[in-house]
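Structural characterization, general
The residues making up each chain are set out below.
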Amino acid sequence: AMENWGLITYREVDLLIDEAKASTSRKQRVAIVVTHELSHQWFGNLVTMEWWDDIWLNEGFAAFSEHFCVDALFPDYKIWDQFTTDAMGTAMRLDALRTSHPIQVPIARAEEVEQVFDAISYCKGSTVVRMVECVVGAENFQKGLQIYMKRHSYGNTKTIDLWNAWTEATGGAIDVAQLMHSWTSKMGHPYLTVVDEKFEDNKVTFTLEQNWFLADGGDEASAEASKTLLWSVPLMFATSTYESSQAVIMNEKRQTFTLDLHSKDDWLKINAGQQAMVRVAHSKEMIRRLTPVITSRKGLSAVDRGALLLDTYALAKAGYVPVESVVELLRGYTDEDCLSVWSSLSGVLQGLNLLMEEVGGAAFDAYKAFAKKIVMAAFVKVGWTPKDTDGHSENLLRSTLIGLLDCFCGSDEEVLKEARTRFDAHFEDPSVLPGDLRGTVYCIVLQNATGDVEYNKLLTAYHATEDNSMKKFVMSCLGSTNNPILKMKTLDWAVKGDDVKLQDFFYCIGGVSSSAAGVAMTWKYYKDVS
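Reading the values: the criteria
Residues numbered from 1 in each chain as written. Predicted model: local features only at pLDDT ≥ 70, side-chain atom pairs only at ≥ 80, totals over all residues. Heavy atoms only, no water. Pairing = 2+ DSSP bridges. Helix = DSSP H or I, 4+ residues; strand = E, 2+ residues; numbered from the N terminus. Axes fitted to C-alpha atoms, helices over the stretch in contact; angles between N-to-C directions. Parallel < 35°, antiparallel > 145°, perpendicular 65-115°, else oblique. Contact = heavy atoms within 4.5 Å. Nonpolar A, V, L, I, M, F, W, Y, C, P; charged D, E, K, R; others polar. Left-handed = near helix turned anticlockwise from the far one by under 90°. Buried < 20%, exposed > 50% of the residue type's maximum accessible area, 1.4 Å probe, protein only.

**Examining the sheet that holds strand 3 (residues 190-199)**
- With respect to topology, four strands assemble into an open sheet ordered 8-4-3-10, the strand pairing being mixed. Each edge of the open sheet is held by one strand with a lone partner, namely strand 8 (254-260) and strand 10 (279-281). Neighbour-to-neighbour, the strand axes of the sheet open up by a mean angle of 30°, direction not taken into account.
- Bridge count for strand 3 against strand 4 (residues 203-212) is nine bridges, and the pairing is antiparallel. Within strand 4, the residue paired with tyrosine 191 across the bridge is asparagine 211.

Listed below in structure tokens is the structure:
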């Protein structure tokens, strides 16, 4: 979409909704896109950045506001819970690469701005805005925005103008410019390690150390650079009876904290609510105390249950903690039923699956059985058929779990039979296969097909429909076939003809690269056609 002042334009699929056919995720997507563009009427149109190096003032704010607005309009979406795995998670993955860039990037010519319309400007930008709200509080946050808008209406601004407005809103008590400088002027983000801890009957004292987090684990040069890199990290903490209402700023390389505990067996979660853009390596003792709380789902928020797993997984991939620690942690999620936590579980389980697929053999079989057990335990509670009592989150959870059935149980006889029955029937009666299930069922059937009949049925449906959401389902799923000839056909179809719009070809690529073999094929294809 495009936020022209007076005429906002949209792609049809991101504006129009057919209540009978649209999936729950599509409805949420439209709400996000519409609120994002409307937010630009203030952040971008009423007040515009002075030059392209401050593009985040437009996009970071709109990405924050879209969640703020959707939460106000549709509280049952629990959109802020999803934020930590979606927008914030995307920002952290990109920002952990050596090829990342600061939020504020010097732009010499307007043409260069294409390079910064990415997850750093949008997702890291919105995460930084959320951190400011955490530090200054909701009331001062709103007051600062009012100052900013009134002072700069119909004018141009730089980032410092926004920082100054928030500083003014706090009565000068918080120097927002100094606090946030490290988050906008340098690339990357830190991870926190517990280097010392002492649990006592009524308190815990622990020391944290911050270092530059790199997805590849870093090298000698990055380790040396990390010695002098410092971020001002706003931290919240939670125990069984306490959660911070005010952020504490960690602005030293090593910093010691003391918190009261309810008992000698109490637990502690660092970065409660995932307010700060950091990875946290909790100590073994902290993990031991947290594990039963994860299993019982009592006391520890859904956001924190999911974040604990995502942090451990990211740290393990980078080599900072053993991979075994991820598997041990996964054992605690055997009775999980929350959407946002399952978003984290889904990413971790599928990520490990790609890794174990490369290993192969008995280890891969054992992992598949382990993951299947976790998925099926949750799936039996939601089933294939929506209930009258299901709300937004329940429908998305069912879709997420059936997506995991595709990954870990797609060849299971009962799962395949149900998927095949619904696939065959829905061409006559679309209601048999609701939008929430359509993509996953397509993938399960294609992956287990012995010929090209099912593939061609979907291709025919693509050409026969005017429904853009249906076209997207087909584009996203065709490449999931295990037939290498059909995978290659999908790649050619995506990039060499006129059937697929230029802005849509990546859907097809994503389907092809949904397996280790598909990733290798896609990479070779990309190099051959470049």
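This is not the end of the story, as more comes after the structure.
**What to know about the packing of helix 19 (residues 468-477) against helix 21 (residues 505-512)**
- Interhelical geometry of helix 19 versus helix 21 gives an angle of 40° and a closest axis separation of 6 Å. The orientation of helix 19 relative to helix 21 falls into the category oblique. For the pair formed by helix 19 and helix 21, the contact residues are Lys472, Met475 and Ser476 on the first element and Tyr507, Cys508 and Gly511 on the second.
- When the residues that make up the contact of helix 19 with helix 21 are grouped by side-chain class, the tally is three nonpolar, two polar and one charged.

**Brief notes about the packing of helix 16 (residues 413-426) against helix 17 (residues 435-448)**
- Where helix 16 meets helix 17, the axes come as close as 9 Å, and the angle between the chain directions of the two elements is 110°. The orientation of helix 16 with respect to helix 17, classified from their angle, is roughly perpendicular. The two elements helix 16 and helix 17 cross, and the hand of that crossing is left-handed. Counting all contacts with helix 16, which are made through Val415, Leu416, Ala419, Arg420, Arg422, Phe423 and His426, the residues of helix 17 involved are Leu437, Arg438, Val441, Tyr442, Ile444, Val445 and Asn448.
- In terms of residue class, the contact of helix 16 with helix 17 is made up of nine nonpolar, two polar and three charged.

**Re helix 19**
- Counting buried positions along helix 19 yields seven of 10 residues, so the element is predominantly enclosed.
- Ser469, Met470, Lys471, Phe473, Val474, Met475 and Cys477 are the residues of helix 19 that are buried.
- Among the structural elements, helix 17, helix 18 (453-464), helix 20 (484-496) and helix 21 are those in contact with the buried residues of helix 19.

From the geometry alone we can't say anything about function, so treat these as descriptive.
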